[in-house]
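Observations on chain architecture
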Amino acid sequence: MQTQDESHVIAERRNKLKALREQGVAFPNDVRPTHKAAELHAEHGEKPGEELEPQAVRVAVAGRMMLKRVMGKASFATLQDATSRIQLFIQREAIGEELYDAFKKWDMGDILSAEGTLFKTKTGELSVKVDVLRLVSKSLRPLPEKFHGLADQETKYRQRYVDLIMNEDTRKTFAARSRVVSAIRNFMTGHQFLEVETPMLHPIPGGAAAKPFTTHHNALDMQMFLRIAPELFLKRLIVGGFERVFEINRNFRNEGLSVRHNPEFTMMEFYAAYTDYKWLMDFTEECIRAAAIAACGTATVTYQGREVDLAKPFQRLTIVGAIKKYAPEYTDAQLDDVGFIRAELKAKWGIEALAHVGLGALQLALFEETAESQLWEPTYIIDYPVEVSPLARASDTIPGITERFELFITGREIANGFSELNDPEDQADRFRKQVEAKEAGDDEAMYYDADYIRALEYGMPPTGGCGIGIDRLVMLLTDSPSIRDVILFPHMRPEA
RNA sequence: GGGACGGUAGCUCAGUGGUAGAGCAGCGGACUUUUAAUCCGUUGGUCGUGGGUUCGACCCCCACCCGUCCCA
């Protein structure tokens, strides 16, 4: 079927495909390459031609034709497979006039298979001298221009398949992402953590302060929520006695899009009984270091032109300590003054704090405005106030403070962890306060989760728990400026 | 939500009020070791969408859509 908006290029290719169909099977499925391009370069790339050619190494390769140079009775074509590229040398004499003429009509982007022997060209490029050549999958759509490739960011995101065909950097980024995830998984299982999967559909959204997506279960005729965090389910498993669990999976938050936010994103959350937030900080640090070494081969990485040293111990600062470091103009008295901070937030940043908000939350807001973006080197911020940490254990020594940290690197939040609140009565109180806040207009406040309270009432051992934002970590480790660069299919508005 | 910038051929881009351009890709031709092959010829456009100003709009004005970045 040819539609009107198709270019001449596509129409031309459809005609070629039609001819292929008339000749027999247009999309053969019996192609069995024996070698990948990268293997060939690794095994034979260094050999001089005089050594290679007498060996007559026979290979079968397959891949997408990315370059094609026809010079009369002989041609070069470059195939790209999952690993690399390999050049084919195709002579009319070797494959016959009929096939050679057909090859001349094949297009960039077509998927080919070839068999032949390895040799080196005049300029020393490892190539296959082809004696069997097939068109395996006809490509109907023209690829982007071979030199500049695909540059348009929007098309890279909307048509990731084209981006992956054209841009090795993109392929490398997602390969690095895969290494990060498997390094983390290995690190966790190596420390006796059990990998689990908990529900994505929640009857009550919980475990974070965020707006959920809603959906509907038809058979049960009930509203459900896509999860905003797995936290409350993972802690139920701690109650159940697993003691060390982790989950790497998607969370969904109904918020805007930005270079740091995608509505669905990947978190690892882990919980370890008989640990606390101090243990978590040491452990998280090691985990991130292991991921960096897996992805980059080093723990000293460069992000957007500036070095980040993940090898040395991460700094630790309190919220107030961080404000004093990055905004030394504030006095201790001012930082203890609810009225002052409230006025300052309003005057300098136009932030209108809700009426019920206390000193701790106001200090946190001030920290976010003055210090957060400057925390380039890995820094744990500790001493989060109880009122913004409804699931964290309160400090035994400092009133109003929890045993909680957030980790910032390159000015971005990467992880959030705390000693878990395992006192069911305290937790029930905290939930009630959240419900009050929700009623007072805080639409990110939590719901009361009665089953979670029931679970805690069976007794949960003291536990440390932490979430690591995988996408943001991958951004850091792949030097990607936008979260969309590390998510294969980022969310976009529908095409016009 | 606000601001800046962008959307022109399949791709990468030029064009600033007077007949829409180049390179690559495509098509036809030459060429048996090329490397973005080269050479000759050639097809291809709702200039994001809709209004407006003007004798005349890719260009100026307004609204909208999509994107990138910054801010909230």
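Below: a short report on this structure. All values derive from a computational prediction rather than experimental measurement.

**Here's the deal with the overall build of chain A**
A tally of helices and strands in chain A yields 17 helices and 18 strands. With the C-alpha coordinates aligned to their principal axes, the bounding extent of chain A is approximately 85 × 55 × 50 Å. Accessible surface computed for chain A: about 24400 Å², of which carbon and sulfur atoms make up 51%. Each charge class in chain A was averaged separately, 61 positive and 75 negative side chains, and the resulting centres sit 8 Å apart.

**A closer look at the nonpolar core**
Ile184, Met188, Met268, Phe270, Leu310 and Leu477 are the most contacted members of the largest nonpolar core, which totals 46 residues. Considering every element that reaches this core, the biggest residue donor is helix H10 (residues 277–296), with 9 residues. Ignoring anything within four residues of it in the chain, the contact list for Phe270 reads Met188, Phe193, Val245, Phe246, Leu280, Phe283, Thr284, Gly464, Gly465, Cys466 and Ile468. With 28 residues, the next largest nonpolar core counts Met65, Ile90, Ala114 and Leu140 among its residues.

**Thoughts on the protein's contact with RNA strand B**
What surrounds RNA strand B is a group of 45 residues, the closest being Lys16, Arg69, Lys122, Thr123 and Arg484. Within 4 Å of the protein, the contacting atoms of RNA strand B are 62% sugar and phosphate, with bases supplying the remainder. In this structure, Arg69 approaches RNA strand B through a side-chain N or O atom, which is 2.4 Å from a base oxygen. Asp152 has a polar backbone atom sitting 3.2 Å from a phosphate oxygen of RNA strand B. Those elements that place two or more of their residues in the surface near RNA strand B are helix H1 (8–23), strand E1 (58–71), strand E2 (74–80), strand E3 (85–91) and helix H6 (153–158). Residue composition of the surface near RNA strand B, grouped by class: 17 nonpolar, 11 polar and 17 charged.

**So, the packing of helix H13 (residues 338–349) against helix H14 (residues 359–370)**
A pair of packed helices can be characterised by two numbers: the angle between their axes and the separation between those axes. Look at H13 against H14: their axes get within 10 Å of each other, and the N-to-C directions meet at 35°. As H13 runs across H14, the sense of the crossing is left-handed. For the pair H13 and H14, the contacting residues are Val338, Ile341, Arg342, Glu344, Leu345 and Trp349 in the first and Leu359, Leu362, Gln363, Ala365, Leu366, Glu369 and Thr370 in the second. Residue classes in the contact of H13 with H14 are distributed as 8 nonpolar, 2 polar and 3 charged.

**Notes on the pairing of strand E8 (residues 214–217)**
Inspection of the sheet shows E8 paired to strand E9 (residues 222–226) by 4 bridges, in the antiparallel sense. Following the sheet pairing, Thr215 is matched in E9 by Met224. Linking two consecutive strands that pair antiparallel, namely E8 and E9, is a turn of 4 residues; a positive phi of about 45° is found at Asp221 within it.

**Brief notes about the packing of aromatic side chains**
With the rule as written, the count across this model stands at 17 aromatic pairs. Ring geometry for Phe103 and Trp106: centres 5.8 Å apart, planes at 80°, overall edge-to-face. You can call Trp106 buried: its relative accessible area is 9%. A ring pair is formed by Tyr330 and Phe340, whose centres lie 6.0 Å apart and whose planes are at 75°; its orientation type is edge-to-face. Here Tyr330 is found in the loop between helix H11 (319–326) and helix H12 (332–335), whereas its partner Phe340 is found in helix H13, with 10 residues between them in sequence. Judged by its relative accessible area of 5%, Tyr330 is buried. Judged by relative accessible area, which is 22%, Phe340 ranks as partly exposed.

**Details of the state of the cysteines**
In this structure the tally under the stated criterion is 0 disulfides. A disulfide-free cysteine, Cys296 has its sulfur positioned 14 Å from the sulfur of Cys287, the nearest such atom. For the unlinked cysteine Cys466, the closest cysteine sulfur is that of Cys287, found at 8.6 Å.

**A closer look at the sheet that holds E1**
Taken in spatial order, the 5 strands close into a barrel running E1-E2-E3-E5-E4, and their pairing is mixed. The average undirected angle you get between the axes of adjacent strands in this sheet is 55°. Judged from the 10 bridges that link them, strand E4 (residues 111–120) and strand E5 (residues 126–137) form a sheet pairing that is antiparallel. Of the residues in E5, the one forming a bridge with Gly116 is Val130.

Analysis parameters
- Residues numbered from 1 in each chain as written.
- Chains lettered and ligands numbered in written order.
- Predicted model: local features only at pLDDT ≥ 70, side-chain atom pairs only at ≥ 80, totals over all residues.
- Heavy atoms only, no water.
- Helix = DSSP H or I, 4+ residues; strand = E, 2+ residues; numbered from the N terminus.
- Areas by Shrake-Rupley, 256 points an atom, 1.4 Å probe, with all protein chains shown as cover.
- Lys, Arg positive; Asp, Glu negative; His and termini not counted.
- Charge placed at Lys NZ, Arg CZ, Asp CG, Glu CD.
- Core = buried A, V, L, I, M, F, W, Y, C linked by side-chain atoms within 4.5 Å.
- Buried < 20%, exposed > 50% of the residue type's maximum accessible area, 1.4 Å probe, protein only.
- Contact = heavy atoms within 4.5 Å.
- Near = heavy atom within 4 Å.
- Polar contact = N/O pair within 3.5 Å; in protein donor to acceptor, adjacent residues only side chain to side chain.
- Nonpolar A, V, L, I, M, F, W, Y, C, P; charged D, E, K, R; others polar.
- Axes fitted to C-alpha atoms, helices over the stretch in contact; angles between N-to-C directions.
- Left-handed = near helix turned anticlockwise from the far one by under 90°.
- Pairing = 2+ DSSP bridges.
- Phe/Tyr/Trp six-rings, centres within 6.5 Å; stacked < 30°, edge-to-face > 60°.
- Disulfide = S-S within 2.5 Å.

Geometry only, nothing functional implied.
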